[in-house]
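Spelled out from the first residue to the last, the chains are:
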Amino acid sequence: MTSEHRTKLSPHSIWVVVAAFNEGAVIGPIISDLLRQSYQVVVVDDGSRDGTGDIALSAGATLVTHPVNLGQGAALQTGIKFALQQNASYVVTFDADGQHRSSDIVQLLDALVEHDAAYALGSRFLGSSRGMPFRRRLLLQAAIWLTRAMTREGARRVALRQNRMAHASELLEQIAASGLRHVEVPVTIDYTSYSLAKGQRLSDSLAILFDLSAQKLHR
């Protein structure tokens, strides 16, 4: 991010929303990394049973808890709503399993300012995917898997009702319906043995593949 853009964005006005379900093995260092960059971090513990919430809280995150597992879409919506209640100027969603790089956040925010956009959508296929198995790469190249950053106005237009992975498609539809500007930004996704073990089966991906087309943004 350029120095000109940095003057417009205070890290204290940027809330990072982390939806987490049984991520106790990895979430501590992820939260610490985000906090070192002075972002505000809220972890939505989506009914974890492995101490995820306690670990996130100990690492310094603000914690919101779902008593039962509702799914990633519901957890993200809870986090976005919470961030808005804290008067966030910008909201970023971030994975809890170590796939996303915190260094990409500044690129997403920079894009919002530079393009006067409400949404910055981070695409792994515009950037790179380190460690992704060949079969999974072939399967998902036709889909857009997104990290997101949004302005306050953009976040106010998000109302996720699909609690499971279908929320990604739902978000694209809502962005298109909002009429607000969006921009795509290349990001790097790191596939570790941990994230791959927790990731979707290929059969699950096939079920949602065509529902995740970026063409929905241009309807």
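Structure's up top.
Nothing here was measured: the structure is a model prediction, and the numbers come from that model. (Residues numbered from 1 in each chain as written. Predicted model: local features only at pLDDT ≥ 70, side-chain atom pairs only at ≥ 80, totals over all residues. Heavy atoms only, no water.)

Caption draft 1: Up close: the pairing of strand β1 (residues 14–20). Counting buried positions along β1 yields seven of seven residues, so the element is predominantly enclosed. Alignment of β1 against strand β2 (residues 40–46), held across six bridges, turns out to be parallel. In the strand pairing of β2, V17 is matched with V42. Once you follow β1 into helix α2 (residues 27–36) and on to β2, the crossover reads as right-handed. (Buried < 20%, exposed > 50% of the residue type's maximum accessible area, 1.4 Å probe, protein only. Helix = DSSP H or I, 4+ residues; strand = E, 2+ residues; numbered from the N terminus. Pairing = 2+ DSSP bridges. Right-handed = clockwise from strand over helix to strand, strands pointing away.)

Caption draft 2: Region of the structure containing the packing of aromatic side chains. One pass over the structure, following the stated rule, counts one aromatic pair. Aromatic pair W15 and F82: ring centres 5.7 Å apart, planes at 75°, arrangement edge-to-face. You can see W15 sitting in strand β1 and its partner F82 sitting in helix α4 (residues 72–85), a full 67 residues away along the chain. Here F82 falls in the buried class, since its relative accessible area comes to 18%. (Phe/Tyr/Trp six-rings, centres within 6.5 Å; stacked < 30°, edge-to-face > 60°.)

Caption draft 3: Representation of the pattern of salt bridges within the structure. Summed over all chains, the structure comprises three salt bridges. Here the salt bridges share partners, and the residues they tie into one network are E153, R156 and R157. (Salt bridge = Lys/Arg side-chain N within 4 Å of Asp/Glu carboxyl O.)

Caption draft 4: Structural detail: empty space enclosed by the protein. Counted by the stated rule, this structure contains two cavities of 30 Å³ or more. Reported here for the second largest cavity is a volume of approximately 40 Å³. The wall of the second largest cavity is formed by L76, I80, T93, R148, M150, V158, L160 and L171. When residues of the lining of the second largest cavity are traced back to their parent elements, those giving at least two are α4 and β6 (146–151). Here the lining of the second largest cavity is composed, by residue class, of six nonpolar, one polar and one charged. (1 Å grid on protein atoms, 1.4 Å probe; cavity = no way out; pocket = protein on both sides within 12 Å on 5 of 7 lines; lining within 4 Å. Points joined across faces, edges and corners; volume = space filled by probe spheres on them. Nonpolar A, V, L, I, M, F, W, Y, C, P; charged D, E, K, R; others polar.)

Caption draft 5: Summary view of helix α3 (residues 52–59). All of the buried residues along α3 are T52, G53 and A56. Seen from one end, α3 has its buried residues packed into an arc of 95°, which puts them on one side. Turned more than 90 degrees away from the buried face of α3, the exposed residues are D54 and S58. Check the buried side of α3 and you find it contacts β1, α2, β2 and β3 (62–66). Just downstream of α3, G60 is the residue with a positive phi angle, here 115°. (Arc of directions from axis to C-beta. Contact = heavy atoms within 4.5 Å.)

Caption draft 6: Geometry of the nonpolar core. V16, V18, L34, V43 and L109 are the most contacted members of the largest nonpolar core, which totals 31 residues. Contributions of two or more residues to this core are made by β1, α2, β2, β4 (90–94), α5 (105–114) and β7 (182–190). For this core, the element with the highest residue contribution is α5, accounting for six residues. When sequence neighbours within four positions are dropped, the list of residues in contact with V16 reads L34, Y39, Q40, V41, V42, V92, F94 and I105. Within the second largest apolar cluster, 24 residues are counted, among which are V42, A118, M150 and L171. (Core = buried A, V, L, I, M, F, W, Y, C linked by side-chain atoms within 4.5 Å.)

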